[in-house]
Amino acid sequence: LSLLLKSPLPEDDTAQQIIDSYNTTYLEQLENTEIVINDNNQIQLLSDTIIDDSGLTELFGNEIFYKIIDTEKRLPHSNLDAKYLKDYEYLNVEAIGLEELADQITPELCESLGYIIAQSTLFEKPELLKWLNKLVKHIPEYFGKIPFIVHNNTLFSLERLIEEED
């Protein structure tokens, strides 16, 4: 009971000043201290960090992400749980969603995606179709150019499959 306050804190609550001072120092330190391990195993600032919220890197890897999103920022290391960087908005970490990603996709990039799909045999994974189903809403004009369908042991896009005689 000796920990009880003799009286409540006054209206000009100094605790709020302490909280404000703590928050200011905390945010300054977050801006100036490297705390994120990136995909190159280097420690970097939050401001140098970008998050793939589109699902692209889970299927295709980081390099195609960097090819599509022209940035100097780096993704967090795959062993890190980046959900905190996404969920804590005050951190201001840039997150690239499917819509932002789709804005950057060109027919040439569709071919690059097809190459990765073939090399990594992603066409065997149901996750690919789920991801493509989300992507088609954002790039209906280019979706038919992404080779992801296996026919006669060859990978085809929808456009090429329709043209195929067999």
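Check the entry above for the structure.
It should be emphasised that the depicted structure is a prediction, and the values quoted were computed from it without experimental measurement.

Draft legend 1. Spotlight on helix H6 (residues 107-119). The terminal C-alpha atoms of H6 lie 19 Å apart, and with 13 residues this matches the ideal 18 Å at 1.5 Å per residue to within 8%. Every buried residue of H6 is accounted for by Leu-109, Cys-110, Ser-112, Leu-113, Gly-114, Ile-116 and Ile-117. Trailing H6 by a residue or two, Thr-121 shows a phi angle of about 45°, which is positive.

Draft legend 2. Up close: the packing of aromatic side chains. Taken as a whole, this structure holds seven aromatic pairs when the rule is applied. Taking 5.8 Å as the distance between ring centres and 75° as the angle between the ring planes, the aromatic pair formed by Phe-65 and Tyr-66 counts as edge-to-face. Within the aromatic cluster, the residues linked to one another by ring pairs are Tyr-22, Tyr-26, Tyr-84, Tyr-88 and Tyr-90.

Draft legend 3. Layout of unusual backbone geometry. A positive phi angle, close to 60°, is found at Asn-41, a residue other than glycine. Note that Asn-41 resides in the loop between strand E1 (36-37) and strand E2 (43-44). Overall, Asn-41 belongs to the exposed group, its relative accessible area being 57%. One non-glycine residue with positive phi stands out, namely Asn-92, at about 55°. For Asn-92, the location among the structural elements is in the loop between helix H4 (83-87) and strand E4 (94-96).

About the cut-offs
All residue numbers refer to position in the chain's written sequence, counted from 1. Predicted model: local features are reported for residues with pLDDT of at least 70 only, side-chain atom pairs are reported and counted for 80 or more only, and whole-chain, interface and lining totals are derived from all residues. Processing note: side-chain calculations cover all non-hydrogen atoms of the structure and skip hydrogens and water entirely. Starting at the N terminus, helices and strands are each numbered in turn, a helix being any DSSP run of H or I of at least four residues and a strand any DSSP run of E of at least two. Helix span, as expected, comes to 1.5 Å for every residue beyond the first. Each residue's exposure class comes from its accessible area (1.4 Å probe, protein chains only) as a fraction of the maximum for that residue type: buried when under 20%, exposed when over 50%, partly exposed otherwise. Two rings from Phe, Tyr or Trp (for Trp, the six-membered ring) form a pair when their centres sit within 6.5 Å of each other. Planes less than 30 degrees apart are called stacked, planes more than 60 degrees apart edge-to-face, and all others tilted.

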